[in-house]
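Observations on chain architecture
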Amino acid sequence: ETGVTQTPRHLVMGMTNKKSLKCEQHLGHNAMYWYKQSAKKPLELMFVYSLEERVENNSVPSRFSPECPNSSHLFLHLHTLQPEDSALYLCASSQVWGERNTEAFFGQGTRLTVV
Amino acid sequence: ILNVEQSPQSLHVQEGDSTNFTCSFPSSNFYALHWYRWETAKSPEALFVMTLNGDEKKKGRISATLNTKEGYSYLYIKGSQPEDSATYLCASAGGTSYGKLTFGQGTILTVHP
């Protein structure tokens, strides 16, 4: 148990569906992240929220829409996805101050399949 | 080096063997180097966060070294056990105020009984 919980663990959705991934952290951290892992690729940073403000959007298509309503919760809203968006989506949190940050604590991920 | 690179991509060893793998990262704009262990069906878990050139950290049978001037870090596992089987990730943190990590592709370690 890392203190970061993601739901659902598995998701199958059609290309016309709308779904959301949820992440919750119980660690009191001030930064939260969405990462994507596709087959045989490194973990890719998608979005960063620091103090509830989005500070990085790593050229992610607009069919992925993040939301951070408070420092403990992070969502990734999905709509009109493509089959190539099938991947493992990981949420993480850390404590940052200036250029310093703790290690990242990860959730177990959501395995997304787009059909 | 523009990206974070890890080698080898995969490694098979026998129980009891000692092993090591490499992480190369951009030496400019460096702030910290992270190592994570990622077991199947679990979350990646931090092993070390290293910031100082020449630093060496140890946790049980696992240790890591850091050379920030030439941009590499080594992870060592002494007397590998089957439970050490996992993907080992390194990530470079640098230059932002929000903990951005750039990951390598990982080294998949399999320890055979």
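Residues numbered from 1 in each chain as written. Chains lettered and ligands numbered in written order. Predicted model: local features only at pLDDT ≥ 70, side-chain atom pairs only at ≥ 80, totals over all residues. Heavy atoms only, no water.

Let's talk about the sheet that holds strand β1 (residues 5-7) of chain B
All names here are of chain B. The line we're drawing: Any two strands with at least two DSSP bridges between them are considered paired. For helices the rule is a DSSP run of H or I covering at least 4 residues; for strands it is a run of E covering at least 2, with both sets numbered from the N terminus onward. In this description, a line fitted to the C-alpha atoms serves as the axis of each element, helices being fitted only across the stretch in contact, and the angle between N-to-C directions of two axes falls anywhere from 0 to 180 degrees.
Strand order in this open sheet of five strands is β1-β3-β8-β7-β6, and the pairing throughout is antiparallel. Both edges of this open sheet fall to β1 and β6 (56-59), since each of them pairs with a single strand only. Pairs of neighbouring strands in the sheet enclose a mean axial angle of 15°, with direction left out of account. Across four bridges, β6 lies against strand β7 (residues 62-67) in antiparallel orientation.

As for the state of the cysteines
The line we're drawing: Note that a disulfide, as used here, is simply two cysteine sulfur atoms within 2.5 Å. Exposed residues in this analysis have more than 50% of their type's maximum accessible area, buried residues have under 20%, and partly exposed residues fall in between, with area computed by a 1.4 Å probe over protein chains only.
Within this structure, the stated rule accounts for two disulfides over all chains. C23 of chain A shares a disulfide with C91 of chain A; S-S distance 1.9 Å. With the S-S dihedral at roughly -75°, the linkage between C23 of chain A and C91 of chain A falls on the left-handed side. Placement of the pair is C23 of chain A in strand β3 (residues 18-25) and C91 of chain A in strand β9 (residues 87-94), with a sequence separation of 68 residues. The burial state of C23 of chain A is the same as that of C91 of chain A; both residues are buried. A sulfur-sulfur separation of 2.0 Å characterises the disulfide bridge that pairs C23 of chain B with C90 of chain B.

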